[in-house]
Amino acid sequence: MDISRDQIIAQGVRVTEGAALGAALRGRRKRLGYTQEDLADMLGFSPRLVGEIERGRGTVGIDKVLAFATALGVDVVAFER
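Residues numbered from 1 in each chain as written. Predicted model: local features only at pLDDT ≥ 70, side-chain atom pairs only at ≥ 80, totals over all residues. Heavy atoms only, no water.

(A) Looking closely at the side chain of R28. Locating R28 in the fold gives a position in helix α2 (residues 18-31). A polar contact of 2.8 Å, which involves the side chain of R28, links it to the backbone oxygen of L72. (Helix = DSSP H or I, 4+ residues; strand = E, 2+ residues; numbered from the N terminus. Polar contact = N/O pair within 3.5 Å; in protein donor to acceptor, adjacent residues only side chain to side chain.)

So this is what it looks like as structure tokens:
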């Protein structure tokens, strides 16, 4: 199931920092029933990298964050608004 930009806006989600984006992605992963290891395997990431993205820590490239969000069906553009 994909979450559209309008649905996220309607839910009042506004992300202004990495930690908030990571928390939103973690919540989505859990709602879909994936473990960090499941998602890491799907994306070819290490479980540690998945954890770093979810905590908004480290220096993670935007390409990896976008791949993470896309795998979960999250429209990252919606987080800008």
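(B) Representation of the environment of A71 in the model. Tracing the backbone through its elements, the reader meets A71 in helix α5 (residues 62-71). Once the C-alpha coordinates of A71 and L39 are considered, the two residues, 32 residues apart in sequence, prove to be 8.1 Å apart. In contact with A71, not counting residues within four places along its chain, are L39, M42 and L43. (Contact = heavy atoms within 4.5 Å.)

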